[in-house]
Amino acid sequence: GTINTGVEEMPVEDDPLMAAQGTTLPANASITSGDLNGNGFLDLAVASTLTNELIVLLNSADGQPNLSPQLIETGERPVKVVAADMNNNGIPDLVAASAGSDRVFIHYNNGDGSFGAPQAIDVGLAPLKLEVADINNNGLMDIVVPLSGENTVIALVNQGAQNFTEQVLLSELSFTPSFLTIGNFIRNGGDQLNDLALGSTDESTIYLYENSGTGFSLAETITSGESRPVDGLGMDFTANGFPDLLSSRFSANSLSLALNGSSGFSGEAILTGVPGPVGLTSADFNYSGSMDIAVTNFTTGEVTILYNDARRDACLVSEGFDFGDVCLFELAEQDIPIENVCTFPLEVSVEVTGDGFETTVSSFEIEPGEVFLLPVSFLPEERRTYNGSIVAEYIREGGVIDVEESVSFPLQGRGVITELTVPSSVSFGVIEIGDSSSRQIQISNTGDVTNSLTIALETEDGIFEYTGDAEVTLSAGSQLTVTVDFTPQQSQNYSNQLVIFSESDCGDEEYRIDLTGTGVDPPPPLPDLVAVSLEPVPATNTFTYGETYAFEGLLRLDGEMIVSDPFDVVFEINGDEAERFRVSQTLNPGDTRSFILERTFLREGSQTITFIVDAENEIEESDETNNQVSLTIDIERGRLAVSPNPFTPNNDGFNDAVEFNFENVGVVSSPVIRIFSFHGKLVRTITGMAGNSAFWDGLDDNGNRLNPGVYLYVVQENNELIGRGSVTLAL
């Protein structure tokens, strides 16, 4: 990208970091920021290397300058200071690396920006840098320290309650570590682990060590800048979701920005004209919504703030447009507003993607705050939902670097049609003269738009009659049922048409439904043989296996016609013919005849006996639906089936459970099976069935596996004994 080299100078009264801008401090090496006194304003803390102090610059509650810095004694030659909450109380403390005493000093915040006596921790030779981060993801901030005198990187792992344990992260490095920055630079598998960026005292290369969760290993080297890095920041300066690496280059009077992305680090931007840069910190100093950078000058003692005008959000905003329902092959046009919400003009390249959408504009210029109306057309050719986008590309300025940015805005529309679904014809069949028949006709709006319908018969002939509403509104997806009556007046064929005229936004249509029917003379009267009843004789409600019972079937002749032709009467049991009788006598209207079936039942359970009159349909009748009557009886229950016996519940898929099968027992709805040990102890109670069966899996009521042996069972239905016996559990 293109580097923005301008350093914005702001008047003191406009700078919310009042005490920092333009303030001259003793020679310093490091700077950090945070709300140290809890008043909602950002404060600064600077490590003064030559005076062995931390200099705290507090913002006052009203945002007015406080030019009396607080001086805090710390270890000899403090070279790095970081503001971080080390005791998890929500208040930032100050952590300093003391190169002269080989210690790390933690200054705990009293809550008002004042600090008590520090906690000193011995770390090893020449701690020239430190950073604070949660490297083990336990919610507590740890301290990472490169030891230049030992070519080692250690961590002071925060155990809580101001207790820290030392852990070696890297040892026997091939270079002298004097530069450290921490960030989630490498995201293998989407991890959220903090990695280490290390630099040497005598070269410009930065070494990137990946955090695997169990240790650190060298993953990448970054050749960046013209001189060795002094201090660094890991931040997403390009708004692509990946932290970039900004480093101060004291000897070159510049800042180097290594650009990070989904494929790792590639490319570099150099910010020149920054005199003697050493310490770096980042915060939104002017509360603009973007992160700014504060740089310390070791030689002059000045703090310079680089204000960032870059927006995290896109410069162009638009809601896009939904064209809604558009009839096929009809052109819809719309000017879609696109606004520039950034503070600089844009040259925009634009295209419209997606079938059916077009624009005549390929580029435009737009000033800050201006709204451009982009003409977009939509022409659907298919019945479906269309999705597209307005894709705009431009250069976003105002940040640390200029960034190519692409944004898209949604386009949508739906190609719709007008369509009714109606039957092509409706037949009323054959109707006797003097009778009337009705047909219900369904009209479905299977299109996408509302239709206004006009409904009428082609000819008002008095034979076909439509009495519904002549004008109806039918919305998309809805249905309408209309009724047409047919009343023939003569013995002949009739025809007509029901005409439906439809009007909609997508055009007009006419639909015609053919109506046909035939009038016939009424037939002569017919006799009616009726199966009146079927009863056991003598009457009983109990039927026992092996007993013989008699059943009487009664028929009657209804109507006004005699029956002189012979016909058959049949008894069936469960659909199988049991006995047949031939009736040859002439029957007069009102006559009855009875027939007896005797049967011995050798099958348990439900039995259905049917008495059928005119079984072969030899007599033409006025009603053929009343020629049979049925009687269902229950035969005494049979034997309960229990298998396999023995069974082996060893989960091998064979004979793992014993089945209690009630198929031959009769109607069983809620049996209770009780399992007893051979000595009579109740070990399992089973209720419920799967189909005609219940199962025991060899477990007791507590789910414990029972020992092999002989077990007794008792099966009851509503306290009535169904069966008892024994079953063997084997392995």
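Just above, that's the structure.
Please read all numbers here as calculations on a predicted model, not as lab measurements.

Cut-offs and rules
Residues numbered from 1 in each chain as written. Predicted model: local features only at pLDDT ≥ 70, side-chain atom pairs only at ≥ 80, totals over all residues. Heavy atoms only, no water. Core = buried A, V, L, I, M, F, W, Y, C linked by side-chain atoms within 4.5 Å. Buried < 20%, exposed > 50% of the residue type's maximum accessible area, 1.4 Å probe, protein only. Helix = DSSP H or I, 4+ residues; strand = E, 2+ residues; numbered from the N terminus. Contact = heavy atoms within 4.5 Å. Pairing = 2+ DSSP bridges. Disulfide = S-S within 2.5 Å. Phe/Tyr/Trp six-rings, centres within 6.5 Å; stacked < 30°, edge-to-face > 60°. Lys NZ or Arg CZ within 6 Å of the ring centre and 35° of its normal. Salt bridge = Lys/Arg side-chain N within 4 Å of Asp/Glu carboxyl O. Polar contact = N/O pair within 3.5 Å; in protein donor to acceptor, adjacent residues only side chain to side chain. Axes fitted to C-alpha atoms, helices over the stretch in contact; angles between N-to-C directions.

Colleague: Can you help me understand the nonpolar core in this one?
Modeller: Most often, soluble globular proteins have nonpolar side chains that are buried together. Leu316, Leu346, Val348, Val376 and Ile390 are the most contacted members of the largest nonpolar core, which totals 27 residues. Every element with two or more residues in this core is listed here: strand E26 (321-327), strand E27 (332-340), strand E28 (346-353), strand E30 (363-366), strand E31 (371-378), strand E32 (385-396) and strand E33 (401-416). When neighbours within four sequence positions are excluded, valine 376 is seen to be in contact with Phe323, Ala332, Glu333, Gln334, Ile336, Val352, Glu358, Thr359, Ile390 and Leu411. Counting residues in each nonpolar core, the second largest holds 25 residues, with Ala531, Leu534, Phe571 and Phe611 among its members.

Colleague: Mind showing me how you'd approach the pairing of strand E4 (residues 53-57) here?
Modeller: Two faces, one strand: in a regular strand the side chains alternate between the faces of the sheet. Burial analysis of E4 places 5 of its 5 residues in the buried class, the great majority of the element. Because side chains alternate across E4, one face comprises the buried residues Glu53, Ile55 and Leu57, and the other comprises Leu54 and Val56, equally buried. Of the pairings in the sheet, the one linking strand E3 (residues 43-48) to E4 comprises 5 bridges and is antiparallel in character. Looking across to E4, one finds that alanine 45 is bridged to valine 56. Once E3 ends, the chain turns through 4 residues before running back antiparallel as E4, passing asparagine 52 with a positive phi of about 55 degrees.

Colleague: Looking at this structure, I do not really get the state of the cysteines. What am I missing?
Modeller: Among covalent bonds in proteins, the disulfide is the one between the sulfur atoms of two cysteines. Per the stated rule, a full pass over the model turns up 2 disulfides. Disulfide pairing places cysteine 315 opposite cysteine 342 at an S-S distance of 2.0 Å. Handedness of the cysteine 315-cysteine 342 disulfide follows from its S-S torsion of about -75 degrees: it is left-handed. A residue pair is termed long-range when its members are at least 10 positions apart, and cysteine 315 in the loop between strand E24 (303-306) and strand E25 (316-317) and cysteine 342 in the loop between E27 and E28 qualify at 27 residues. The buried category is assigned to cysteine 315, whose relative accessible area is 0%. Looking at cysteine 342, the relative accessible area reads 4%, which means it is buried. With its sulfur 1.7 Å from that of its partner, cysteine 327 forms a disulfide with cysteine 506. Its S-S torsion of approximately -85 degrees makes the covalent link between cysteine 327 and cysteine 506 left-handed. Linking cysteine 327 in strand E26 with cysteine 506 in the loop between strand E41 (493-504) and strand E42 (507-520), this pair joins segments that are 179 residues apart in sequence.

Colleague: Any chance you could explain the packing of aromatic side chains here in plain terms?
Modeller: Geometry of an aromatic ring pair is reported as the spacing of the ring centres plus the angle between the planes. In this structure the tally under the stated criterion is 23 aromatic pairs. With a centroid separation of 5.0 Å and an interplanar angle of 65 degrees, the aromatic rings of phenylalanine 543 and tyrosine 549 are classed as edge-to-face. Of the two residues, phenylalanine 543 and tyrosine 549, neither departs from the other in class, the shared state being buried. An aromatic cluster is defined as three or more aromatic residues linked by ring pairs; in this entry it consists of Phe321, Phe323, Phe357, Phe378 and Tyr386. A cation over a ring is seen here: arginine 187 above phenylalanine 242, with NZ or CZ 5.0 Å from the ring centre. The ring of tyrosine 386 has arginine 384 lying over it, and the distance from NZ or CZ to the ring centre is 3.8 Å.

Colleague: Please explain the environment of proline 127 as it appears in this structure.
Modeller: On the secondary structure map, proline 127 appears in the loop between strand E9 (119-122) and strand E10 (131-133). Through-space distance from the C-alpha of proline 127 to that of alanine 456 is 98 Å; in sequence the pair is 329 residues apart. Not counting residues within four places of it along the chain, the set of residues in contact with proline 127 comprises Val79, Ala97, Ser98, Ala99, Asp102, Arg103, Val145, Pro146 and Leu147.

Colleague: Just to check I follow, could you spell out the pattern of salt bridges for this structure?
Modeller: When charged atoms on two side chains of opposite charge get close, those side chains can pair. Across all of its chains, the model carries 19 salt bridges by this definition. We note a salt bridge from aspartate 448 to arginine 414, for which the minimum N-O separation is 3.5 Å. Residue aspartate 448 is located in the loop between strand E36 (437-445) and strand E37 (451-457), and its partner arginine 414 is located in strand E33; the two are separated by 34 residues in the primary sequence. One salt bridge in this structure joins aspartate 568 and arginine 582, with 2.8 Å as the shortest N-O distance. Placement of aspartate 568 in strand E45 (residues 567-573) and of arginine 582 in strand E46 (residues 576-583) is noted, with a sequence separation of 14 residues between them. For aspartate 568, a relative accessible area of 10% corresponds to the buried category. Its relative accessible area of 45% is what places arginine 582 among the partly exposed residues. Residues joined by salt bridges that share partners form a network here, namely Asp568, Glu577, Arg580, Arg582, Glu616 and Glu618.

Colleague: Sorry, what's going on with the side chain of asparagine 340 here?
Modeller: Of note, asparagine 340 is situated in strand E27. Reaching out from asparagine 340, the side chain makes a polar contact with the backbone nitrogen of cysteine 342 at a distance of 3.0 Å. At 3.0 Å, the side chain of asparagine 340 and the backbone oxygen of phenylalanine 344 are in polar contact. If we skip the residues at most four places from it in the chain, asparagine 340 touches Cys315, Leu316, Pro345, Leu346, Ile366, Glu367, Pro368, Gly369 and Glu370.

Colleague: Help me understand the sheet that holds E42, please; the structure alone is not making it clear to me.
Modeller: The strands making up a sheet associate through backbone hydrogen bonding, with each pair oriented either parallel or antiparallel. Pairing is mixed across the open sheet formed by 5 strands, whose spatial order is E35-E42-E41-E37-E39. At either end of the open sheet lies a strand with only one pairing partner, and these are strand E35 (425-432) and strand E39 (471-474). Going across the sheet, the axis of each strand differs from the next one's by a mean of 25 degrees, ignoring polarity. In the sheet, E37 pairs with E41 via 6 bridges, with the strands oriented antiparallel.

Colleague: Is there a simple way to explain the pairing of strand E8 (residues 103-107) in this structure?
Modeller: Counted residue by residue, E8 has 4 buried out of 5 residues, so it is predominantly covered. Here strand E7 (residues 93-98) folds back onto E8 in antiparallel fashion, the turn holding 4 residues, of which aspartate 102 has a positive phi close to 55 degrees. Here E8 pairs with E9 via 4 bridges, running antiparallel. Across the sheet, the residue bridging to isoleucine 106 is glutamine 119, located in E9.

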